[in-house]
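Survey of secondary and tertiary structure
One-letter residues, chain by chain:
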Amino acid sequence: QVQLVESGGGLVQAGDSLRLSCAASGRTFRSYAMAWFRQAPGKEREFVAAITWINGFRYYGDSVKGRFTISRDTTKNTAYLQMNNLKAEDTAVYYCAPRGVEYRQSSDFDSWGQGTQVTVSS
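What counts and what doesn't
- Residues numbered from 1 in each chain as written.
- Predicted model: local features only at pLDDT ≥ 70, side-chain atom pairs only at ≥ 80, totals over all residues.
- Heavy atoms only, no water.
- Phe/Tyr/Trp six-rings, centres within 6.5 Å; stacked < 30°, edge-to-face > 60°.
- Helix = DSSP H or I, 4+ residues; strand = E, 2+ residues; numbered from the N terminus.
- Core = buried A, V, L, I, M, F, W, Y, C linked by side-chain atoms within 4.5 Å.
- Buried < 20%, exposed > 50% of the residue type's maximum accessible area, 1.4 Å probe, protein only.
- Contact = heavy atoms within 4.5 Å.
- Pairing = 2+ DSSP bridges.
- Axes fitted to C-alpha atoms, helices over the stretch in contact; angles between N-to-C directions.
- Salt bridge = Lys/Arg side-chain N within 4 Å of Asp/Glu carboxyl O.
- Polar contact = N/O pair within 3.5 Å; in protein donor to acceptor, adjacent residues only side chain to side chain.

**Here we look at the packing of aromatic side chains**
Tallied over the entire structure, the rule returns six aromatic pairs. With a centroid separation of 5.9 Å and an interplanar angle of 90°, the aromatic rings of Phe 37 and Trp 112 are classed as edge-to-face. With Phe 37 in strand β4 (residues 33-39) and Trp 112 in the loop between β9 (92-99) and β10 (116-121), this residue pair connects regions lying 75 residues apart in the sequence. Three or more aromatic residues joined by ring pairs make a cluster, and in this case those are Phe 37, Phe 47, Tyr 59, Tyr 95, Tyr 103, Phe 109 and Trp 112.

Shown next, in the form of structure tokens:
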């Protein structure tokens with residue numbers, strides 16, 4: 001079982017930037033990738049970005065490509081999400097999760113952290 005702690009969210013204005021962190025811990029932690037998801041009230045959870053642990057390949061959802069950058073520190077079991085040019089539609093609670101090859105889906109995951117709130121004022 002993995003423990004996940006997301007941090008770095010906050011209240012910002014449109015066009016501003018935030019950097020989210022995801023710290024993972026657990027003696028048997030292993031995964032193909034770490035992914036970020038977000039969920040706004042009344043909406044389905046949405047894939048944001050993923051990065052593979054071994055080679056650092058990056059994947060992004062269409063709505064954030066070109067604005068967000070995912071990265072990871074393998075020595076710290078930590079993933080980051082640099083969010084630039086934030087828009088009002090980015091407002092959501094952001095969660096991270098270890099993922100396999102099917103990194104865009106998360107319906108089979110049940111060890112979510114507390115998430116971190118991102119609110120963008122327009």
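More follows now that the structure is in view.
**Digging into the nonpolar core**
Ranked by internal contacts, the top residues of the largest apolar core, which has 34 residues, are Trp 36, Leu 81, Met 83 and Tyr 94. In terms of residues, this core owes the most to one element, strand β5 (residues 46-52), which gives five residues. Ignoring any residue separated from it by four or fewer positions in sequence, one finds Met 83 in contact with Asp 16, Ser 17, Leu 18, Leu 20, Arg 67, Phe 68, Tyr 94 and Val 118.

**A closer look at the sheet that holds β5**
Reading across from one edge, β2-β10-β9-β4-β5-β6 is the order of the six strands in this open sheet, with mixed pairing throughout. Lying at the two open borders of the sheet, with one neighbouring strand each, are β2 (10-13) and β6 (58-60). Between one strand axis and the next, the sheet turns by 20° as a mean value, whatever way the strands run. Summarising the sheet, β9 and β10 pair through three bridges and their orientation is antiparallel. In the sheet register, Tyr 94 faces β10, and the bridge partner there is Thr 116.

**Topic: the pattern of salt bridges**
Summed over all chains, the structure comprises four salt bridges. In this structure, Asp 90 and Arg 38 form a salt bridge, with 2.8 Å as the shortest nitrogen-oxygen distance. Residue Asp 90 is found in the loop between β8 (78-83) and β9, and its partner Arg 38 is found in strand β4; the two are separated by 52 residues along the sequence. Members of the salt-bridge network, linked through shared partners, are Arg 38, Glu 46, Arg 67 and Asp 90.

**Thoughts on the sheet that holds strand β1 (residues 3-7)**
The sheet built from four strands is open, its strands ordered β1-β3-β8-β7 with antiparallel pairing. Two strands lie at the open edges of the sheet, namely β1 and β7 (68-73), each paired on one side alone. Shown here is a sheet whose adjacent strand axes are inclined to one another by a mean of 15°, direction ignored. Relative to β8, β7 is paired through six bridges, and the arrangement is antiparallel. Across the sheet, residue Arg 72 finds its bridge partner in β8, namely Ala 79.

**Looking at the pairing of β9**
Consecutive side chains along a regular strand alternate between the two faces of the sheet. Burial analysis of β9 places eight of its eight residues in the buried class, which makes it a mostly covered element. Direction of pairing for β4 relative to β9: antiparallel, over a ladder of seven bridges. Paired with Ala 35 across the two strands is Ala 97, which belongs to β9.

**Remarks on the side chain of Ser 106**
Mapped onto the secondary structure, Ser 106 falls in the loop between β9 and β10. Looking at Ser 106, its side chain comes within polar contact range of the side chain of Arg 45, at 2.7 Å. Beyond its immediate stretch of four places on either side in the chain, Ser 106 contacts Phe 37, Arg 45, Arg 99 and Trp 112.

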